[in-house]
Amino acid sequence: MIITTTAIGLQEHVAQPALILAYRPPNCPQCGPTSARPARHGQRQRVVCFLDGSSVFVTVYRFRCKVCRQTSTLRPADLLPYYHYSTAAIASVLRAVFLGQATPTTLAGCDRDSPRPSRQLVARWVRLAVAAIVIWLPAFLELAHKVVPAYAIAATPADHQASIAWSALEVV
């Protein structure tokens, strides 16, 4: 199954569920631009949880290619595949953990009826975020190195390049 993200946010999608159909894929993501437009293949309701205890049901639409028979799912931009919590909820939990304001244990819900994620789930989010940082950090540092003017970095020793890069980015 291929998951397609739209430019519509979760709040817009809850207010107008049919609006997401405007982002229906023009062709199959698997076959490419030469394929026909995928046909509607159904829909399902997904629950999205927030840290304040509220939750909403979101309609997720499915499409199927007539040629390769591959299915694709169309979802709002801030709804992660296979996650019950919104991206805003996950981001606020990770922000609290990384800034030292909380630990996975203090953030977690104690019982099954709690709207907060379990300790294991928060720990999993932290592990996944750290793995992503380890993977993407070299690329971001390389990009920052290219963005900073070459003359600012060339005139300094190598161990001071990072501090100059950050100070140059703060000026911009």
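It should be noted that the structure appears before, not after, this text.
The text that follows walks through the structure, step by step, so that each part is easy to find. (Residues numbered from 1 in each chain as written. Predicted model: local features only at pLDDT ≥ 70, side-chain atom pairs only at ≥ 80, totals over all residues. Heavy atoms only, no water.)

As a further point, take the overall build of the chain. Scanning the chain from terminus to terminus reveals six helices and four strands. For the chain, the α and β elements follow one another from N to C terminus as β-α-β-β-β-α-α-α-α-α. For the chain, the residues scored as buried account for 29% of the 172 residues in total. By element, 60% of the accessible surface of the chain is carried by carbon and sulfur atoms, the whole surface being about 11000 Å². (Helix = DSSP H or I, 4+ residues; strand = E, 2+ residues; numbered from the N terminus. Buried < 20%, exposed > 50% of the residue type's maximum accessible area, 1.4 Å probe, protein only. Areas by Shrake-Rupley, 256 points an atom, 1.4 Å probe, with all protein chains shown as cover.)

Here 10 bridges tie strand E2 (residues 39-49) to strand E3 (residues 55-64), and the two strands are oriented antiparallel to one another. Among the inter-strand pairings, Gln 43 is bridged to a residue of E3, identified as Tyr 61. Counting the residues that bridge the hairpin from E2 to E3 gives five residues, and of these Gly 53 lies at a positive phi of roughly 100°. In the sheet, E3 pairs with strand E4 (residues 71-75) via four bridges, with the strands oriented antiparallel. Bridged to Tyr 61 within E4 is Leu 74. Here E3 folds back onto E4 in antiparallel fashion, the turn holding six residues, of which Arg 69 has a positive phi close to 65°. (Pairing = 2+ DSSP bridges.)

Below, the discussion takes up unusual backbone geometry. For residues other than glycine, phi is negative in most cases, and the peptide bonds are mostly trans. Of note in this structure, Arg 69 is not a glycine but carries a positive phi near 65°. In this structure, Arg 69 sits in the loop between E3 and E4. Despite not being glycine, Tyr 82 has its phi angle at roughly 70°, a positive value. Tracing the backbone shows Tyr 82 in the loop between E4 and helix H2 (87-98).

Bringing the packing of aromatic side chains into the picture now. Under the definition given, this model contains one aromatic pair. With a centroid separation of 5.5 Å and an interplanar angle of 80°, the aromatic rings of Tyr 85 and Trp 125 are classed as edge-to-face. With Tyr 85 in the loop between E4 and H2 and Trp 125 in helix H4 (residues 119-147), this residue pair connects regions lying 40 residues apart in the sequence. Look at Tyr 85 and you get buried, because its relative accessible area is 9%. You can call Trp 125 buried: its relative accessible area is 3%. (Phe/Tyr/Trp six-rings, centres within 6.5 Å; stacked < 30°, edge-to-face > 60°.)

Another point: the nonpolar core. Ile 90, Leu 94, Leu 107 and Trp 125 are the most contacted members of the largest nonpolar core, which has 14 residues in total. When contributions to this core are tallied by element, the ones reaching two or more residues are H2 and H4. Other than its neighbours up to four places away in sequence, Leu 94 contacts Trp 125, Val 126 and Ala 129. The next biggest cluster of nonpolar side chains, apart from the first, holds six residues, and it includes Phe 50, Val 58, Val 60 and Leu 79. (Core = buried A, V, L, I, M, F, W, Y, C linked by side-chain atoms within 4.5 Å. Contact = heavy atoms within 4.5 Å.)

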